[in-house]
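Summary of the model geometry
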Amino acid sequence: MDMGFGFSFLLSRMLFYIVPILMFVIIGMGIIRTFREWHHNENSPRLTVEAKIVCKRSDYRRTMNSRKHHYSGSRTNYFVTFEVESGDRMELELQGHEYGLLVEGDKGKLTFQGTRYLGFERMI
């Protein structure tokens, strides 16, 4: 009996079970993290504070279909960093149409709940 064949067979059988379990665990952790953030935001108070927009950034990602070797989609996430009166800064994710209305240096009233952006009213 060839020892190499037995080991490779055993390894392939182990991977047959380990890979799906690992994928299930990774997906489950993502779902749990998303739920925990949602739950945290739901239980946080809605706050309105004076703030200044200090930075804007976007994160553009393309997804590629490896079998066809072409891009199959993209996603852009938009973030704005606000500085409150105490000097603390927080970065919140916004929708694209809200992101486009804000300008670095604007001052106003920021409304948020946990890590959830609710609005910004510019002070004139």
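Criteria and thresholds
- Residues numbered from 1 in each chain as written.
- Predicted model: local features only at pLDDT ≥ 70, side-chain atom pairs only at ≥ 80, totals over all residues.
- Heavy atoms only, no water.
- Core = buried A, V, L, I, M, F, W, Y, C linked by side-chain atoms within 4.5 Å.
- Buried < 20%, exposed > 50% of the residue type's maximum accessible area, 1.4 Å probe, protein only.
- Helix = DSSP H or I, 4+ residues; strand = E, 2+ residues; numbered from the N terminus.
- Contact = heavy atoms within 4.5 Å.
- Patch = residues over 30% accessible without salt bridge, like charges linked within 9 Å, V, L, I, M, F, W, Y side chains within 5 Å.
- Areas by Shrake-Rupley, 256 points an atom, 1.4 Å probe, with all protein chains shown as cover.
- Salt bridge = Lys/Arg side-chain N within 4 Å of Asp/Glu carboxyl O.
- 1 Å grid on protein atoms, 1.4 Å probe; cavity = no way out; pocket = protein on both sides within 12 Å on 5 of 7 lines; lining within 4 Å.
- Points joined across faces, edges and corners; volume = space filled by probe spheres on them.
- Nonpolar A, V, L, I, M, F, W, Y, C, P; charged D, E, K, R; others polar.

Time to look at the nonpolar core. Ranked by internal contacts, the top residues of the largest apolar core, which has 13 residues, are Val80, Phe82, Leu102, Leu110, Tyr117 and Phe120. For this core, the secondary-structure elements that each account for two or more residues are β1 (46-65), β2 (70-84), β3 (89-94), β4 (107-113) and β5 (116-122). Here the element with the most residues in this core is β2; it accounts for 3 residues. Phe82 has contacts with Ala51, Lys52, Ile53, Val54, Asp88, Arg89, Met90, Leu92, Leu102, Leu110, Tyr117 and Phe120, leaving out every residue within four places of it along the chain.

Taken together, the side chains of Phe7, Leu10, Leu11, Met14, Leu15, Ile18, Val19, Leu22, Met23 and Ile26 present a nonpolar region at the surface, about 950 Å² in accessible area. Relative to the helices and strands, Ile18 resides in helix α1 (residues 3-43).

Empty pockets left among the atoms are what a rolling probe the size of a water molecule brings to light. Put simply, the largest pocket is a space of about 300 Å³. Around the largest pocket, the lining residues are Glu37, Asn41, Phe79, Glu91, Leu92, Glu93, Leu94, Gln95, Glu98, Thr115, Arg116 and Tyr117. Top contributing element to the lining of the largest pocket by residue count: β3, with 4 residues. Its residues assigned to classes, the lining of the largest pocket comprises 4 nonpolar, 3 polar and 5 charged.

Okay, the side chain of Asp106 next. With respect to the helices, strands and loops of the structure, Asp106 is situated in the loop between α2 (96-99) and β4. Once residues within four sequence positions are removed from consideration, Asp106 is found in contact with Ala51, Lys52, Ile53, Phe120 and Arg122.

That is the geometry; function is a separate question.
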